[in-house]
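One letter stands for each residue in the lines below.
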Amino acid sequence: MTNPACPTTARVDFEIWSTTATLVVTDANLLAGARAELDAELAAIELACSRFRTDSEINALLRSPGVQVELSPVLNDAMSAALRIASATSYLVDPTVAAAVIALGYDRDIRSLRTAFDAGVGIATAAARPAPGARRISHDAANRLITIPAGVGVDLGASAKPLAADRAAARIAALAGCGVLVGLGGDIAVAGQAPTGGWSVAVGDDHRSAEADPAQTVAISAGGLATSSITARRWRTAAGSRHHIIDPRTGENPEPLWRTVSVAAGSALDANAAATAAIILGGRAPAWLTAGHLPARLVGVDGTTVAIAGWPEQNAQAA
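Here we take up unusual backbone geometry. Of note, the phi angle at Y91 is positive, near 65°, even though the residue is not glycine. Along the polypeptide, Y91 turns up in the loop between α3 (73–88) and α4 (98–103). Positive phi outside glycine occurs at H293, with the angle close to 55°. Along the chain, H293 turns up in the loop between α9 (285–291) and β14 (296–300).

As a further point, take the nonpolar core. With 73 residues, the main nonpolar core has L23, L75, M79, L156, V180, V182 and L289 as its most contacted residues. When residues in this core are grouped by element, the largest group, eleven residues, is from helix α8 (residues 268–281). Membership of the second largest hydrophobic core comes to 13 residues, among which are V24, V190, I220 and A264.

Orientation of helix α1 (residues 31–49) relative to α3, taken along the N-to-C sense of each, is 75°, at an axis distance of 9 Å. As far as their axial angle goes, α3 and α1 are roughly perpendicular. Residues A44, I45, A48 and C49 of α1 lie in contact with α3, whose contacting residues are V74, L75 and A78. Split into classes, the residues belonging to the contact of α1 with α3 amount to seven nonpolar, no polar and no charged.

Backbone-to-backbone hydrogen bonds join strands into a sheet, with any given pair of strands oriented parallel or antiparallel. Judged by pairing direction, the sheet is antiparallel, and its three strands sit side by side in the order β3-β5-β4 without closing on themselves. Every interior strand has two partners, whereas the edge strands, β3 (69–70) and β4 (138–140), have only one. Note: β3 against strand β5 (residues 145–147), two bridges, orientation antiparallel. Following the sheet pairing, V69 is matched in β5 by I146. α3 contacts β4 and β5 of the sheet and is inclined by roughly 125° relative to β4.

Conventions adopted
Residues numbered from 1 in each chain as written. Predicted model: local features only at pLDDT ≥ 70, side-chain atom pairs only at ≥ 80, totals over all residues. Heavy atoms only, no water. Helix = DSSP H or I, 4+ residues; strand = E, 2+ residues; numbered from the N terminus. Core = buried A, V, L, I, M, F, W, Y, C linked by side-chain atoms within 4.5 Å. Buried < 20%, exposed > 50% of the residue type's maximum accessible area, 1.4 Å probe, protein only. Axes fitted to C-alpha atoms, helices over the stretch in contact; angles between N-to-C directions. Parallel < 35°, antiparallel > 145°, perpendicular 65-115°, else oblique. Contact = heavy atoms within 4.5 Å. Nonpolar A, V, L, I, M, F, W, Y, C, P; charged D, E, K, R; others polar. Pairing = 2+ DSSP bridges.

Here it is, written out as structure tokens:
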């Protein structure tokens with residue numbers, strides 16, 4: 001993701017949340033300070049939003065169903081983001097899919113699921129559970145108050161990671177005064193002054209291998225770019241292979257039409273929401289993305305690639 005035309009650019013990569021993180025700044029002298037700010041942002045998001053930590057704020061909140069609770073500023077922002085994208089996607093990306101995700105076997109860290117998958121071990125599942133719907137959550141963002149009804153679980157996995165990328169990029173750019181790229185898995189956010197020609201981003205089915213063997217390379221100068229895929233976060237069950245993208249209307253994986261969708265938008269959060277919604281929408285996705293003026297690359301399960309709404313052709317690079 002670094003740009004060779006900018007000789008002072010510096011980069012660091014590390015593992016976080018069972019995925020990879022990438023930080024790039026346009027001034028190498030500022031990398032150490034930028035990394036410290038990124039670490040602080042990631043720690044704050046994890047403590048607020050992780051469903052895999054018993055001491056997280058979201059888990060404490062869910063232990064008080066039907067009770068109005070005051071949120072920390074971080075979880076308040078995360079809930080605001082989750083509820084906003086739920087509404088923007090007509091509740092195709094809905095944070096109340098927690099029970100549905102667990103019913104399909106995603107009841108532990110994805111690293112553990114991958115280990116079981118590689119060992120040929122099937123994960124236990126339960127009957128599909130449609131999401132109760134984010135409309136049932138009462139959230140007063142201005143006063144940081146929320147009430148989650150009994151029987152409604154919350155999984156912020158579809159929004160907390162891209163939100164963390166957006167928050168970290170903006171935080172570092174404001175404090176350091178340089179151009180910044182933050183990548184968390186397939187969610188990329190940029191802020192500040194971009195390098196000449198923009199930030200080069202390799203796109204592929206799996207972010208871990210995309211740079212070494214990119215399906216395409218594009219450039220962005222602002223906002224975010226996200227890739228959602230059904231190929232990487234998979235696990236084995238008695239009913240066959242499952243993945244992490246859930247249609248909240250059914251509680252099941254969507255019918256497989258797109259294996260990967262990449263979207264450019266005003267933020268990593270919006271790009272991720274649109275890419276996830278597109279996989280759920282299936283055949284309706286190209287028209288929906290076009291209507292939203294969201295440049296996107298969709299790859300079918302048969303390998304067919306569709307570029308829409310200004311996304312560059314396969315061998316082109318455009319900001």
